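# Chain and residue survey
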Amino acid sequence: MLTKTQLIKAPLTKTRTLMIAAGAIAVLGITGCASDSASMEMKSTDYVVTGLGDDRQEALEAAKERALEVCEARDRDEFIIQEQQVLGPDASAKKRHEAEAMVEGGTVNEDTNLAALNDDGEDYKAIWSVSCR
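A few points on the structure. (Residues numbered from 1 in each chain as written. Predicted model: local features only at pLDDT ≥ 70, side-chain atom pairs only at ≥ 80, totals over all residues. Heavy atoms only, no water.)

## Section: the nonpolar core
For clarity, the cut-off: Only buried residues count toward a nonpolar core, which is a set of Ala, Val, Leu, Ile, Met, Phe, Trp, Tyr and Cys residues joined through side-chain atoms within 4.5 Å. Per-residue accessibility, obtained with a 1.4 Å probe over protein chains only, is compared with the maximum for each type, and a residue is labelled buried under 20%, exposed over 50%, and partly exposed between these values. Labels follow the DSSP assignment, with helices taken as runs of H or I lasting at least four residues and strands as runs of E lasting at least two, numbered in each case from the N terminus. It only takes one pair of heavy atoms within 4.5 Å for two residues to be counted as in contact.
Ranked by internal contacts, the top residues of the largest apolar core, which has 13 residues, are Val 49, Ala 126, Trp 128 and Val 130. For this core, the elements supplying multiple residues, two or more each, are β1 (46–53), α2 (56–72) and β3 (124–132). The contacts of Val 49, once residues within four sequence positions are left out, are Ala 63, Arg 66, Ala 67, Val 70, Ala 126, Ile 127, Trp 128 and Val 130. In terms of nonpolar packing, the next biggest core, distinct from the first, is built from six residues, Leu 87, Ala 91, Ala 99 and Met 102 among them.

## Looking at the sheet that holds β3
How we decide: Criterion used throughout: strands pair if DSSP finds at least two bridges between them. To define axes, lines are fitted to C-alpha atoms, for helices over the stretch in contact only, and angles between the resulting N-to-C directions are given on a 0 to 180 degree scale.
Reading across the sheet, the three strands line up as β1-β3-β2 and stay open at both edges, with antiparallel pairing between neighbours. The sheet is open, and its two borders are formed by β1 and β2 (79–87), each paired with just one other strand. Mean inter-strand twist for the sheet, computed between neighbouring axes without regard to direction, equals 20 degrees. Looking at chain direction, β2 and β3 are connected through eight bridges and run antiparallel. The residue bridging Gln 85 from the neighbouring strand is Ile 127, located in β3. In this fold α2 packs onto β1, β2 and β3, with an angle of close to 145 degrees to the strand it touches most, β1. Packing of helix α3 (residues 93–102) onto the sheet brings it into contact with β2 and β3, and relative to β2 it is tilted by some 150 degrees.

## Looking at the pattern of salt bridges
Threshold: Salt bridge, as used here, is a side-chain nitrogen of Lys or Arg placed within 4 Å of a carboxyl oxygen of Asp or Glu.
All chains considered together, the criterion is met by two salt bridges. For the salt bridge of Arg 133 with Glu 78, the shortest nitrogen-to-oxygen distance reads 3.3 Å. Placement of the pair is Arg 133 in the segment after β3 and Glu 78 in the loop between α2 and β2, with a sequence separation of 55 residues. With relative accessibility at 43%, the residue Arg 133 sits in the partly exposed group.

## Section: the pairing of β3
Most of β3 sits inside the fold, with eight of its nine residues counted as buried. When β1 meets β3, the two strands line up antiparallel, connected through eight bridges. If you follow Val 49 over to β3, its bridge partner there is Trp 128.

Spelled out as structure tokens, the structure:
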């Protein structure tokens, strides 16, 4: 037969064990949330890159190289092309104006080739607005 002291301790021991288990689960849940929050990416910034070439493909390749350089400088290894304009030697004034308007809102840094943006020569020009990922 159980004594009065044993009868009182038995429910308290079960309750204490359940409370410890519930506390451990809550701590694990909070820890899980913290690790998920730490892995979120910051919102990306759009950068304007240009490429010049003797033909369309060469201009696109030059823009790609430039975009990768910009992103790698920010510890990113890929990018998304948000907008693209490719201008040939015979591009209309309207298309050139649209390409110039695309540059608005883009980030310019010390490596931005402003001369390429304004080049009206016989080369092809690719202008991209990119976000690094």
